[in-house]
Amino acid sequence: MPLPCRDDSLLLGDVVLLANNAVSLDLWVIARKATRGSANPLASFDYFLAHLPAEVNHASMLVLAWLLAGIVGGGFPRSQPATENGVIGLTTKVWAIHLATYGMLWASVPLLSYVVDFNTQQFTGPAFVLEVGFNLVFVLAWRLGYFRYGGAW
């Protein structure tokens with residue numbers, strides 16, 4: 001059964017944006033924090049590469065939670081919202097469902113540790129708060145821009 005989405009560009013844009021946010025957070029914030037004080041100028045990049053499997057899982061969990069929230073919350077409607085307020089309301093609703101879904105996935109990380117090593121700084125409370133806050137801002141900006149400037153959403 002296909003996703004209930006009229007415009008694949010909206011769906012693809014959400015996925016790319018969220019995956020990019022997760023990887024960017026891992027590279028520019030978490031890896032730099034973990035290697036602070038190192039004499040090697042490329043230490044944060046080395047840290048990032050060394051923990052790449054956990055970073056891919058991190059981004060995958062984020063995107064999976066968003067897709068589930070979008071399906072449950074009607075985040076990929078078959079018709080375009082009538083106003084920008086409709087876009088904001090719909091996106092915020094999906095984000096709230098996403099927050100709960102992502103929180104449950106995040107809480108299950110210790111149970112999933114036999115699959116992949118999740119014992120990295122990507123899976124800490126401050127990283128979670130930082131990530132979900134940035135994601136709301138970026139997804140709202142993306143969807144408002146898409147609504148205003150061009151998608152067939």
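See the structure above.
These figures come from a predicted structure and were not determined experimentally. (Residues numbered from 1 in each chain as written. Predicted model: local features only at pLDDT ≥ 70, side-chain atom pairs only at ≥ 80, totals over all residues. Heavy atoms only, no water.)

### Brief notes about the overall build of the protein chain
When helices and strands are counted, the protein chain shows 6 helices and 0 strands. Tracing the protein chain from N to C terminus, the helices and strands come up as α-α-α-α-α-α. The 153 residues of the protein chain split such that 41% are buried. Sequence-distant contacts in the protein chain: of pairs separated by 6 or more residues, those separated by 24 or more amount to 78%. Of the roughly 8,200 Å² of accessible surface on the protein chain, 68% is carried by carbon and sulfur atoms. (Helix = DSSP H or I, 4+ residues; strand = E, 2+ residues; numbered from the N terminus. Buried < 20%, exposed > 50% of the residue type's maximum accessible area, 1.4 Å probe, protein only. Contact = heavy atoms within 4.5 Å. Areas by Shrake-Rupley, 256 points an atom, 1.4 Å probe, with all protein chains shown as cover.)

### Digging into the packing of aromatic side chains
Considering all chains together, one arrives at 2 aromatic pairs under this definition. Ring centres of Phe 134 and Phe 138 lie 6.1 Å apart, and the angle between their planes is 20°; on these two criteria the pair is classed as stacked. Residue Phe 134 and its partner Phe 138 are located together in helix 6 (residues 125-149), separated by 4 residues, close to a single helical turn. By relative accessible area, which is 37% here, Phe 138 ends up partly exposed. (Phe/Tyr/Trp six-rings, centres within 6.5 Å; stacked < 30°, edge-to-face > 60°.)

### Let's talk about the packing of helix 3 (residues 52-73) against helix 4 (residues 84-107)
Across the interface, helix 3 lies against helix 4 with an axial gap of 8 Å and an inter-helix angle of 130°. For the element pair helix 3 / helix 4, the angle class is oblique. In this structure, helix 3 crosses over helix 4, and the sense of that crossing is right-handed. Residues His 58, Met 61, Leu 62, Ala 65, Trp 66, Leu 68, Ala 69, Gly 70, Val 72 and Gly 73 of helix 3 touch helix 4, and the partners they reach there are Leu 90, Thr 91, Lys 93, Val 94, Trp 95, Ile 97, His 98, Thr 101, Tyr 102, Leu 105 and Trp 106. (Axes fitted to C-alpha atoms, helices over the stretch in contact; angles between N-to-C directions. Parallel < 35°, antiparallel > 145°, perpendicular 65-115°, else oblique. Left-handed = near helix turned anticlockwise from the far one by under 90°.)

### Thoughts on a nonpolar patch on the surface
A surface patch of nonpolar side chains, amounting to about 470 Å² of accessible area, comprises Trp 28, Val 29, Leu 130, Phe 134 and Phe 138. Taken together, the elements giving at least two residues each to the nonpolar patch come down to helix 1 (8-34) and helix 6. Broken down by element, the nonpolar patch gets its largest block of residues, 3 residues, from helix 6. (Patch = residues over 30% accessible without salt bridge, like charges linked within 9 Å, V, L, I, M, F, W, Y side chains within 5 Å. Salt bridge = Lys/Arg side-chain N within 4 Å of Asp/Glu carboxyl O.)

### Overview of the environment of Ala 19
Within the secondary structure, Ala 19 sits in helix 1. Separated by 42 residues in sequence, Ala 19 and Met 61 place their C-alpha atoms 9.4 Å apart.

### Remarks on the pattern of salt bridges
When their charged atoms lie close together, side chains carrying opposite charge are able to pair. This structure, assessed with the given rule, holds 2 salt bridges. With a closest N to O distance of 2.6 Å, Arg 148 and Glu 84 form a salt bridge. Taken as a pair, Arg 148 in helix 6 and Glu 84 in helix 4 lie far apart in primary sequence, 64 residues in all. On the basis of relative accessibility, which here comes to 49%, the residue Arg 148 falls in the partly exposed class. Its relative accessible area of 29% is what places Glu 84 among the partly exposed residues.

By themselves, these are just geometric observations and shouldn't be taken as functional.
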